[in-house]
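# Summary of the model geometry
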Amino acid sequence: MRVLVTNDDGIHAEGIKALWRALESVAEVFVAAPDRERSAVGHGITVHRPLRVREMNFSGNRVRGWVVDGTPADCVKLCLEALIPAPPDLLISGINLGANLGTDVLYSGTVSAAIEGIINGVPSLAVSLAADNQAEPDFSCAAAFTRALLGLLRERRLPPGTLLNINVPPCPPRGVRVTRLGFRRYVNVIDRRTDPRGRVYFWMAGEPLDVDDGDPDTDVRAVADGYISVTPVHFDLTNHEMIAEFKTWPLQVGG
Ligand code: MN
């Protein structure tokens with residue numbers, strides 16, 4: 001099995017190392033990642049300047065890798081079209097440091113890289129460690145789960161156009177739940193500050209406010225309860241239920 005690993009935390013991320021270490025004995029692993037942290041860049045791509053790529057190998061040159069001065073989606077596009085010698089059987093984006101739950105997936109570079117995979121017909125996983133405040137993050141349980149899932153994916157196929165968004169709580173997880181995306185909102189997002197020259201600047205951060213709507217089947221709830229959350233995600237944002245309703249509207253060309 002040929003596996004492409006990417007990670008929006010950048011090429012030096014611990015989550016990349018945890019993945020190739022877990023997978024190199026069971027798969028042919030390729031790595032492509034941005035040259036710096038590009039978390040929360042969403043699905044951005046670089047089209048107004050050149051992209052520079054440098055080969056950078058791991059594990060005594062047994063794992064081939066590339067560092068790219070672009071976004072996570074750039075890395076996937078470059079790999080699929082120009083860098084890796086044959087199409088991968090699986091793309092794994094992660095292990096991201098920090099959760100990607102609910103509405104996070106719309107901003108997430110991690111999930112966007114996996115979406116780029118499924119757009120191009122490559123079965124894809126997004127794997128995140130839902131442990132934002134650990135001083136020394138422990139990726140071992142997330143890596144072990146991903147490795148076990150790789151075994152399962154030799155027998156079962158992911159449906160086309162669907163990725164698995166996986167969030168792993170701190171070790172040891174209590175179990176695994178298949179979930180839907182919950183709702184996450186951030187509070188105190190904009191921090192207004194003053195620089196040493198007296199000019200005002202803003203820093204966007206905030207704390208997540210997990211909106212618990214009482215549904216035990218959300219990813220937010222699963223991780224809060226200590227379970228690994230597995231959510232099938234696709235990129236069709238169409239509200240299919242509302243198509244019939246809007247067809248009754250007297251929409252006109254105008255003019
Ligand atoms: Mn990240």
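To be clear, the structure that these remarks concern was listed above.
Heads up: these notes are all about the structure in this document. Small disclaimer: the values here were computed from a predicted structure and weren't measured. (Residues numbered from 1 in each chain as written. Predicted model: local features only at pLDDT ≥ 70, side-chain atom pairs only at ≥ 80, totals over all residues. Heavy atoms only, no water.)

Let's shift gears to the overall build of the protein. The helix and strand tally for the protein stands at 6 helices and 13 strands. Relative to a compact globule of 255 residues, whose C-alpha radius of gyration would be 18 Å, the protein shows 19 Å and is just as compact. Projected onto its principal axes, the C-alpha positions of the protein cover 60 × 55 × 50 Å. Taking all 255 residues of the protein together, 45% fall into the buried category. (Helix = DSSP H or I, 4+ residues; strand = E, 2+ residues; numbered from the N terminus. Rg over C-alpha atoms; globule rule 2.2 N^0.38 Å. Buried < 20%, exposed > 50% of the residue type's maximum accessible area, 1.4 Å probe, protein only.)

Let's shift gears to the coordination of the manganese ion. Every protein donor of the manganese ion is accounted for by Asp8 (OD), Asp9 (OD), Ser39 (OG) and Asn96 (OD1), and the metal-donor separations fall at 2.0 to 2.2 Å. Sequence positions of the residues that donate to the manganese ion give the spacing D-D-x29-S-x56-N. Here Asp9 is found in the loop between strand S1 (2-6) and helix H1 (14-23), whereas its partner Ser39 is found in the loop between strand S2 (28-34) and strand S3 (53-55), with 30 residues between them in sequence. You can call Asp9 buried: its relative accessible area is 16%. (Donors = N, O, S within 2.8 Å, 3.2 Å for Na, K, Ca; no water.)

Let us now look at the environment of Trp66. Here Trp66 shows up in strand S4 (residues 64-68). Look at Trp66 and you get buried, because its relative accessible area is 3%. Considering only alpha carbons, one finds Trp66 and Leu23, 43 residues apart in sequence, at a separation of 18 Å. The residues contacting Trp66, other than those within four sequence positions of it, are Ile11, Phe30, Val31, Ala32, Ala33, Val53, Arg54, Glu55, Met56, Cys79, Leu83 and Ile84. (Contact = heavy atoms within 4.5 Å.)

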